[in-house]
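# Per-entry structural report
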Amino acid sequence: MTIKIAPSILSSDFARLGAEVAEAEASGGDWIHVDVMDGHFVPNITLGAPIVQAIKPHTGLLLDVHLMIENPERYIADFVKAGAGMITVHVEACVHLHRVIHLIKEHGIMAGVALNPGTPASHVQEVLDDVDMVLVMTVNPGFGGQAFIPGTLRKIREIRSSLIERGRPNVHIEVDGGITKETAPLVVDAGADVLVAGSAVFGKADRAEAITEIRQSFGG
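Computed from a predicted model, the values in this text were never measured in an experiment.

Rules of the game
- Residues numbered from 1 in each chain as written.
- Predicted model: local features only at pLDDT ≥ 70, side-chain atom pairs only at ≥ 80, totals over all residues.
- Heavy atoms only, no water.
- Pairing = 2+ DSSP bridges.
- Helix = DSSP H or I, 4+ residues; strand = E, 2+ residues; numbered from the N terminus.
- Axes fitted to C-alpha atoms, helices over the stretch in contact; angles between N-to-C directions.
- Contact = heavy atoms within 4.5 Å.
- Buried < 20%, exposed > 50% of the residue type's maximum accessible area, 1.4 Å probe, protein only.

With that out of the way, let us pick up the sheet that holds strand β8 (residues 194-197). Strand order in the open sheet formed by eight strands is β1-β8-β7-β6-β5-β4-β3-β2, with parallel pairing between adjacent strands. A strand with exactly one partner marks an edge of an open sheet, and here the two such strands are β1 (4-7) and β2 (31-37). Taken pair by pair, the neighbouring strands of this sheet meet at an average axis angle of 25°, ignoring direction. Sheet analysis places strand β3 (residues 62-68) next to strand β4 (residues 86-90), joined by four bridges and oriented parallel. Among the inter-strand pairings, L67 is bridged to a residue of β4, identified as V89. Those strands touched by helix α4 (residues 97-106) are β4 and β5 (110-115), and its axis lies near 145° from that of β5. Contacts from helix α8 (residues 207-217) reach β1 and β8, with the element oriented near 145° to β1.

So, in structure tokens, the structure goes:
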């Protein structure tokens, strides 16, 4: 499976967001990751559907929208209309997870499920046949620039093994948090194939060099 790099605009310069997104694409990014936080599910407030709509004309890449919010089902249609190509919701935020995943898919886009570091892999077992991606948080969600949590590698391996056993090896496993050229080889070896990189890309003056360094770290 080809390894994808998804630059996270949470670490970009919001004053020039359109240009930042375009530069991330030109520099070799595969998806654009959009972290949506509501100040309730996580202790921070970030972006909403209007931002997704605003950046959509500046890139041809898939907009990978990560909803770290309560009651995400209320906002699915808004993000789809704004241009999301993938919407991921947290198992911890959904009382009726199966229903929410299928609501996303009914809008004709890909659906993902996310797990916080303290949530075991077993909590997504019942929806592995329904999702297009599992997102493993490798830091506690809420803020960019945090250090990678090594214990999450075991969870990545467990989920990849479960997907293979179910005959679904092409379901993506995305990792979000603390991804650098040092940690990228570890998560790829564990079974991840989509790497969210925030400060590791947007924190560097040369974004193309930053993305290349991450790819070279795992032989991509």
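Bringing the side chain of N116 into the picture now. Relative to the assigned elements, N116 resides in the loop between β5 and β6 (133-137). A residue is classified by how much of its surface remains accessible, and N116, at 15% relative accessible area, is buried. If we skip the residues at most four places from it in the chain, N116 touches F41, H90, E92, M137, P141 and K155.

Before going further, it helps to examine the pairing of β8. Because side chains alternate across β8, one face comprises the buried residues V194 and V196, and the other comprises L195 and A197, equally buried. Where β1 lies against β8, four bridges are found, and the strand directions are parallel. Of the residues in β8, the one forming a bridge with P7 is A197. As judged from the three bridges shared by strand β7 (residues 172-176) and β8, these two strands associate in the parallel manner. Considered in β8, the bridge of V175 is made with L195.

Below, the discussion takes up the environment of D206. By the element assignment, D206 lies in the loop between α7 (199-202) and α8. As for D206 and S27, which are separated by 179 residues in sequence, their C-alpha atoms are 8.6 Å apart.

Generally, phi is negative for residues other than glycine and the peptide bonds are trans, each holding for most cases. The phi dihedral of N71 falls on the positive side, at around 50°, and the residue is not glycine. Structurally, N71 can be placed in the loop between β3 and α3 (76-82). Judged by its relative accessible area of 36%, N71 falls in the partly exposed class.

The values are spatial; any link to function lies outside them.
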